[in-house]
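# Report on the structure
Residues per chain, in single letters:
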Amino acid sequence: MSIAQSFSDGFVWGAATAAFQIEGALDADGRGESIWDRFSRTPGNIRNGDSAAIACDHYNLWQKDVAIMKEIGLNGYRFSISWPRVFPSGTGKMNPAGLGFYDRLVDALLEAGITPFPTLYHWDLPQGLEDAGGWPRRSTAYAFADYAGAVVEHLGDRVKHWVTINEPWCVVELGYRFGEHAPGRRDASAALDAAHHVMLAHGLGMQAAKAAASGVAVGIAKNVDVKTPRSTHPADIRVAALEDAFRNRWYLDPVFRGEYPHDGVVARNWDQACVLPGDLDAISAPMDFVGFNYYSRTVVQDNSVSDAERPRPLVEADLPRTTMGWEVYPDGLRDLLVRFNGDYQLPPVYVTENGVAFPDQLVDGAVHDENRRVYLEQHFAAAAEAHAAGVPLRGYFIWTLMDNFEWAMGYTPRFGLVWTDFDTQERILKDSARWLGEEISRG
Ligand code: FCB
């Protein structure tokens, strides 16, 4: 039996991308500046000083990319809409030319039999909104809701699945706490406010989307990660539980339970002053589906405990790692899906991202990425186990369609099913893409 046969009829097999990582054409047709334009131009922020000015030139080559998805045999495509293309300064006057690009893309996808799953926010906040305070300011959530409503009003007649926010943890922690991603701020208190406003944006955006078009399904794409304690020492276990609160539950408890996780709130000594009456009702309004992005686990420990004090190590550091340095840990996908389904009684679930960067080589016009095939096969099997255990899994999106601009890591990690030649913009299907197509067609 093929792995595809483990899932129900109508299962969505797709690839995922994000606007800033593939589109290029940063000044085309009235697009405004985003925080990633500014951040990536600042020396020292991106490995090798790589620039996303051209990336995969998808803004011009989108027809070719739709044809490639069709050639692989995908029936879903998760992409993101660039907010500053639609509202160049974040609010105010809409830019029809920017929206027109997505209009054409959606029509071409439908024509090719590929269901569009756009994400409204995959990290490219209009710089104008950051200049006004960014996500730590409540008004940014209102601006997002207006933007979401406007986009869904235009495309909602044809696009029935919408993701509000991609990976709130990354937006907040990498962007505002650690400064590794745009806008590059390092301010723990601002990050706490940003977290709430990003979640509020999800809630208000969902309301706006549903008001703008009938019959649209709306959800969020949440990155989730297993936090494995280094040992059975109680201090390691405590730190792992807290890390789980910060990474997973901080964003899942509010949408499924209408509250922030108590242990995390206490540990961060957070007064919740920015949480106004009604906010958590909006945030916890039922979603039509939930997306999970899964890549790896992290082993965590309490650094005040010496190795000699550790009783029995729970983990040996011997798992293979990817170009990103992430451990390959397929069981984590099954374990998290099963756990969250038990904790939250999940609505329909999509794996909205899973995939891997390995040091691919193009040899004689081919990429023999057996390691990626194995990675995908193992993760599909883990997802099938979760499905068999009752998780209502409806689709799976591979990160990513083609090698692209991997944020602060630039062009070094190659995550694509398709090889991108960044000099010629040639696309070459890797072996894993062909294998995936065969799997899907046997489903
Ligand atoms: C996720 C992001 C995506 C990509 C992958 C590798 O965190 O959503 O844009 O960078 O990681």
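Heads up: these notes are all about the structure in this document.

The rules we used
Residues numbered from 1 in each chain as written. Predicted model: local features only at pLDDT ≥ 70, side-chain atom pairs only at ≥ 80, totals over all residues. Heavy atoms only, no water. Axes fitted to C-alpha atoms, helices over the stretch in contact; angles between N-to-C directions. Helix = DSSP H or I, 4+ residues; strand = E, 2+ residues; numbered from the N terminus. Parallel < 35°, antiparallel > 145°, perpendicular 65-115°, else oblique. Left-handed = near helix turned anticlockwise from the far one by under 90°. Contact = heavy atoms within 4.5 Å. Nonpolar A, V, L, I, M, F, W, Y, C, P; charged D, E, K, R; others polar. Near = heavy atom within 4 Å. Polar contact = N/O pair within 3.5 Å; in protein donor to acceptor, adjacent residues only side chain to side chain. Areas by Shrake-Rupley, 256 points an atom, 1.4 Å probe, with all protein chains shown as cover. Buried < 20%, exposed > 50% of the residue type's maximum accessible area, 1.4 Å probe, protein only. Pairing = 2+ DSSP bridges. Right-handed = clockwise from strand over helix to strand, strands pointing away.

### Some words on the packing of helix H5 (residues 96-111) against helix H7 (residues 138-155)
At a minimum axis separation of 11 Å, H5 and H7 run at an interaxial angle of 40 degrees. Classed by the angle they form, the pair H5 and H7 counts as oblique. Regarding H5 and H7, the two cross each other, and that crossing is right-handed. Only Val-151, His-154 and Leu-155 of H7 make contact with H5, whose side of the interface consists of Leu-99, Tyr-102, Asp-103 and Val-106. Here the residues of the contact of H5 with H7 sort into 5 nonpolar, 1 polar and 1 charged.

### Topic: the packing of helix H8 (residues 168-177) against helix H9 (residues 188-212)
In the contact formed by H8 and H9, the axes pass within 9 Å of each other and the chain directions differ by 155 degrees. As far as their axial angle goes, H9 and H8 are roughly antiparallel. Between H8 and H9 lies a crossing whose hand is right-handed. Of H9, the residues touching H8 (which contributes Pro-168, Val-171, Val-172, Tyr-176 and Arg-177) are Ala-188, Ala-191, Leu-192, Ala-194, Ala-195, Val-198 and Met-199.

### Let's talk about the site of the ligand
Around the ligand sit Gln-21, His-122, Trp-123, Asn-166, Glu-167, Tyr-295, Glu-353, Trp-399, Glu-406, Trp-407 and Phe-415, and that is every residue in its neighbourhood. Interatomic distance of 2.8 Å between a side-chain N/O atom of Gln-21 and an oxygen atom of the ligand. Between Glu-406 and the ligand, the recorded distance is 2.8 Å, taken from a side-chain N or O atom to an oxygen atom. With the chains in place, 95% of the 290 Å² that the ligand exposes on its own is no longer accessible. Here the shell around the ligand is built from residues that sort into 5 nonpolar, 3 polar and 3 charged.

### Notes on the environment of Ala-28
Mapped onto the elements, Ala-28 comes out in the loop between helix H1 (19-22) and helix H2 (35-41). Residues Ala-28 and Gly-98 lie 70 residues apart in sequence; the distance between their C-alpha atoms is 8.4 Å. Those residues within four positions of Ala-28 in sequence are excluded, and the remaining contacts are Tyr-59 and Arg-85.

### Quick word on the pairing of strand S8 (residues 349-354)
Note on strand geometry: in a regular strand, side chains alternate between the two faces of the sheet. Counting buried positions over the 6 residues of S8 gives 6, a clear majority of the element. Here strand S7 (residues 290-300) runs beside S8; their pairing, made up of 4 bridges, is parallel. Within the sheet, the bridge partner assigned to Val-290 lies in S8 and is Val-349. Note on the crossover from S8 through helix H14 (residues 370-388) to strand S9 (residues 393-399): the handedness is right-handed.

Geometric values such as these leave the question of function open.
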